[in-house]
Amino acid sequence: MALCGPTSGTGVWWELCGSWGTRQAAPGLSLTSPPRQKEVHSTSPCSLLQMGWGDLGVYGEPSRETPNLDRMAAEGMLFPNFYSANPLCSPSRAALLTGRLPIRNGFYTTNGHARNAYTPQEIVGGIPDGEHLLPELLKGAGYASKIVGKWHLGHRPQFHPLKHGFDEWFGSPNCHFGPYDNRARPNIPVYRDWEMVGRYYEEFPINLQTGEANLTQVYLQEALDFMKRQQVAQRPFFLYWAIDGTHAPVYASRPFLGTSRRGRYGDAVREIDDSVGKILSLLRDLRITENTFVFFTSDNGAALISAPKQGGSNGPFLCGKQTTFEGGMREPAIAWWPGRIPAGQVSHQLGSVMDLFTTSLALAGLAPPSDRVIDGLDLLPAMLRGQLTDRPIFYYRGNTLMAVTLGQYKAHFWTWTNSWEEFRQGIDFCPGQNVSGVTTHTQEEHTKLPLIFHLGRDPGERYPLSFASTEYLDALRGVTLVVQQHQKTLVPGQPQLNVCNQAVMNWAPPGCEKLGKCLTPPESIPEKCSWPH
């Protein structure tokens, strides 16, 4: 399952949910395809917006309100050291579907140093045509693919998900912010495949006062119907379930409102947990669990700026979404594949959402593209044989490498939460977590003497190693070599998140004329996007 990330200043969590069918892959992996009966391999990644590491019972959330996800972990494998590719939604999703860091695939900005950027509806850019997305590659192995929920990789026609490999889409190109007056800004459209079928707050209502919306139930039914149809057709499938009920403004359907000890955010989590349970139950009913790989994770950490009413928990980790501290990028992650992945296992493999790209291709018997750098790792050796692979985790914020983790050690080259100006206005990405010299409100450079933390002993990044210690010097040598190798071969992609234009917003999406929903755009005035943090 996959998650979507929040827009600037809001909290979101996402899961990655999908189903792959695989032709002969690793030994024993195959798919069911007519006319001759074979095993069917499906991959179901689920992605949740801004869900924090500490939001699941299996990760220690004290209310224990996620029985289905906890059962999924008990029947599968837990990854406690799993990371998003960015502390914000759009870049992390682009990385997930391309297997490449946002600095490579263009999902960053050069409008300021170390600035987070995403795809609001005035953004001009989106996923470049030159990037190979996972569903596009899976077509080579006969997979049907569907995205349910938030796309967030560009809303203009050339960036449509069906132009980048998906066969079906039900969801929206942007976050569910609003309502807008359709004069200064249009409400966000909801699409079925190529055309809009309505707009948020109009045909798809969200009650901001009560938090009631039926969207998660609609997204659940879309997923279940797609899986049933592919099973009837005996076709392998990839389902990317990118729902956003935990993204502020948080919503849940009426049966779940008021049921959580955690408030409205907990209501949304409970509904998502229930939906995951129904997805796994259908796989059991269809008798394809042993041929279906399901992965649950998030696109960035919980947005503490929206907590406690509209945001989640990052457990013991520092800060949240928008930051490159652990709370901003370490995610809940569960792999489920009954009969293949041993039940009740914990893997200490350092993992990334980009690994789902490479792992999915391996399941389908496909090799990653050889004409570009792929940052994702194949997780099958870790999941099936317990084999761990040494690899770094790079923490980028915009165009800047902020930190790197290697083994148990994390080195910060830059520290920054947000500006003093924003902080004094009440915008706080680290509420109650001030760490002197670490959670800084000015951009502090540490490239010559990085701040290094041992994440095993100090997961909250509160006690940097002494610069004079042997442990620091040994860790610094390893980190320095990895960073030099990375930067030596790095070729940044063309930045996609630099230019904004009010005229490109969702004024007249395809299909608007059939609904009488076309709006008149303003004069086209391209300008530099402003990214304050």
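Residues numbered from 1 in each chain as written. Predicted model: local features only at pLDDT ≥ 70, side-chain atom pairs only at ≥ 80, totals over all residues. Heavy atoms only, no water.

As annotated in an unreviewed UniProt entry, the protein carries the name N-acetylgalactosamine-6-sulfatase and comes from Ailuropoda melanoleuca. Its UniProt record, at the heading Subunit (unreviewed entry), says of the protein: "Homodimer." Database annotation for the protein, UniProt heading Catalytic activity (unreviewed entry): "Hydrolysis of the 6-sulfate groups of the N-acetyl-D-galactosamine 6-sulfate units of chondroitin sulfate and of the D-galactose 6-sulfate units of keratan sulfate." (UniProt positions renumbered as here; feature names shortened; annotations may be inferred.)

Student: Which residues make up the pairing of strand 17 (residues 400-406), and what values do they have?
Tutor: Most of strand 17 is tucked away: 6 of the 7 residues are buried. By the bridge criterion, 6 bridges tie strand 16 (residues 392-397) to strand 17 in an arrangement that is antiparallel. Among the inter-strand pairings, arginine 397 is bridged to a residue of strand 17, identified as threonine 400. Connecting the antiparallel pair strand 17 and strand 18 (residues 409-412) is a turn made up of 2 residues, with glycine 407 showing a positive phi of about 65°. (Buried < 20%, exposed > 50% of the residue type's maximum accessible area, 1.4 Å probe, protein only. Helix = DSSP H or I, 4+ residues; strand = E, 2+ residues; numbered from the N terminus. Pairing = 2+ DSSP bridges.)

Student: Account for unusual backbone geometry, naming residues and giving values.
Tutor: Geometrically, the link from alanine 248 to proline 249 is a cis peptide bond, its omega value of 0° lying close to zero. Structurally, the position occupied by proline 249 is in the loop between strand 10 (237-243) and helix 6 (264-285). In this model, alanine 307 is joined to proline 308 through a cis peptide bond whose omega is 0°. You will see that glutamine 234, though not glycine, has its phi angle at about 55°, which is positive. Of note, the phi angle at glutamine 322 is positive, near 85°, even though the residue is not glycine. Judged by relative accessible area, glutamine 322 falls into the buried class, the value being 1%.

Student: Tell me about the layout of surface pockets, residues and numbers included.
Tutor: What the largest pocket holds in volume is close to 340 Å³. Both of domain 1 (11-16 + 44-390) and domain 2 (400-489) provide at least three residues apiece to the lining of the largest pocket. Looking at the second largest pocket, its volume works out to about 290 Å³. What lines the second largest pocket is a set of 18 residues, among which Ile374, Asp375, Arg391, Pro392 and Phe394 lie closest to the centre. When residues of the lining of the second largest pocket are traced back to their parent elements, those giving at least two are strand 16 and helix 11 (470-489). (1 Å grid on protein atoms, 1.4 Å probe; cavity = no way out; pocket = protein on both sides within 12 Å on 5 of 7 lines; lining within 4 Å. Points joined across faces, edges and corners; volume = space filled by probe spheres on them. Domains from an automatic or database assignment.)

Student: Residues and numbers for helix 11, please.
Tutor: Owing to its 3.6 residues per turn, the α-helix brings residues three or four apart onto one side. Relative to the 28 Å expected for 20 residues at 1.5 Å per residue, helix 11 spans 30 Å between its end C-alpha atoms, a close match to the ideal helical length. Among all positions in helix 11, only Tyr472, Ala475, Leu476, Val479, Val482, Val483 and His486 are buried. All buried residues of helix 11 project into a common sector of 140° when viewed along the axis, lining one side. Pointing more than 90 degrees away from the buried face of helix 11 are the exposed residues Thr470, Arg477, Lys488 and Thr489. The elements touched by buried residues of helix 11 are helix 3 (102-105), strand 16, strand 17, strand 18 and strand 21 (451-454). (Expected span 1.5 Å × (residues − 1). Arc of directions from axis to C-beta. Contact = heavy atoms within 4.5 Å.)

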